[in-house]
Amino acid sequence: MAKIPPGPPLEGLRRQIARHRRERPARSSGLFVRDTFRLERDAARAKAREWFETWPKAAYWTEVESWRQLEGGEIEFTMRRLPSAD
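Rules used in this analysis
- Residues numbered from 1 in each chain as written.
- Predicted model: local features only at pLDDT ≥ 70, side-chain atom pairs only at ≥ 80, totals over all residues.
- Heavy atoms only, no water.
- Helix = DSSP H or I, 4+ residues; strand = E, 2+ residues; numbered from the N terminus.
- Rg over C-alpha atoms; globule rule 2.2 N^0.38 Å.
- Contact = heavy atoms within 4.5 Å.
- Core = buried A, V, L, I, M, F, W, Y, C linked by side-chain atoms within 4.5 Å.
- Buried < 20%, exposed > 50% of the residue type's maximum accessible area, 1.4 Å probe, protein only.
- pLDDT = per-residue confidence, 0-100.
- Salt bridge = Lys/Arg side-chain N within 4 Å of Asp/Glu carboxyl O.

S.K.: When you look at the overall build of the protein in this model, what are you seeing that I'm missing?
M.R.: Secondary structure assignment for the protein yields three helices and three strands. Sequence-ordered secondary structure for the protein, helices as α and strands as β, is α-β-α-α-β-β. In terms of overall dimensions, the protein is more spread out than a globule: its C-alpha atoms have a radius of gyration of 22 Å, far above the 12 Å expected for 86 residues. Across its three principal directions, the C-alpha atoms of the protein cover 70 × 35 × 25 Å. Taking the intrachain contacts of the protein between residues at least 6 apart in sequence as the baseline, contacts between residues at least 24 apart amount to 56%.

S.K.: Looking at this model, I keep getting lost on the nonpolar core. Mind explaining?
M.R.: Side chains of a nonpolar character, in soluble globular proteins, are inclined to be buried together. Phe-37, Ala-44, Ala-48, Trp-51, Ile-75, Phe-77 and Met-79 together form the largest nonpolar core, which totals seven residues. For this core, the secondary-structure elements that each account for two or more residues are helix H2 (41–54) and strand E3 (74–81).

S.K.: Explain the confidence of the model for the protein to me, please; I cannot follow it from the model alone.
M.R.: Fine structural detail should not be taken from predicted coordinates in areas where pLDDT scores are low. When pLDDT is averaged across the protein, the result is 88; 94% of the residues are at 70 or more. Between the elements of the protein, mean pLDDT differs from a low of 83, seen in helix H1 (residues 11–23), to a high of 97, seen in H2.

S.K.: Whenever I open this one, the environment of Leu-70 confuses me. Can you help?
M.R.: Relative to the elements of secondary structure, Leu-70 occurs in the loop between strand E2 (63–69) and E3. Distance from Leu-70 to Glu-50, taken between C-alpha atoms, is 22 Å for residues 20 residues apart in sequence. Excluding its chain neighbours within four sequence positions, the residues that come into contact with Leu-70 are Arg-38 and Glu-76.

S.K.: Quick question: what am I supposed to make of the pattern of salt bridges here?
M.R.: Any two side chains of opposite charge can pair if their charged atoms end up close together. Enumeration over the complete set of coordinates arrives at seven salt bridges. As a salt-bridge pair, Arg-38 and Glu-74 come within 3.2 Å of each other at their nearest N and O atoms. A residue pair is termed long-range when its members are at least 10 positions apart, and Arg-38 in strand E1 (residues 33–40) and Glu-74 in strand E3 qualify at 36 residues. A salt bridge links Glu-63 to Arg-80; the shortest N-O distance between them is 3.0 Å. Of this pair, Glu-63 sits in strand E2 while Arg-80 sits in strand E3; the two residues are 17 residues apart in sequence, bridging distant segments of the chain. Judged by its relative accessible area of 27%, Glu-63 is partly exposed. In this structure Arg-80 comes out as buried when scored by relative accessible area, which is 17%. A single salt-bridge network, built from bridges that share partners, covers Arg-34, Glu-63, Glu-65 and Arg-80.

S.K.: How should the environment of Ala-58 be read in this particular structure?
M.R.: Mapped onto the elements of the fold, Ala-58 is located in helix H3 (residues 57–60). Residues Ala-58 and Ala-85, 27 residues apart in the sequence, show an inter-C-alpha distance of 8.9 Å.

Next comes the structure, spelled out in structure tokens:
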């Protein structure tokens, strides 16, 4: 039975990853622009509608990323979109 050779050294890959991270620091929000709101139900609907009208879903991938209902009828939600339509 043939002996399996050891894997390649990873030091070059580690240096390349470190260099990339230094040159292009990661954005905290990643690719998308996010904004979190905490509003009454009707105001939350109006704000979400405003986002969809300003940044159409087809061009900006706009969506309600997450939402939850809080005590007192408030809605906390996060809207997400691309920074540009390009």
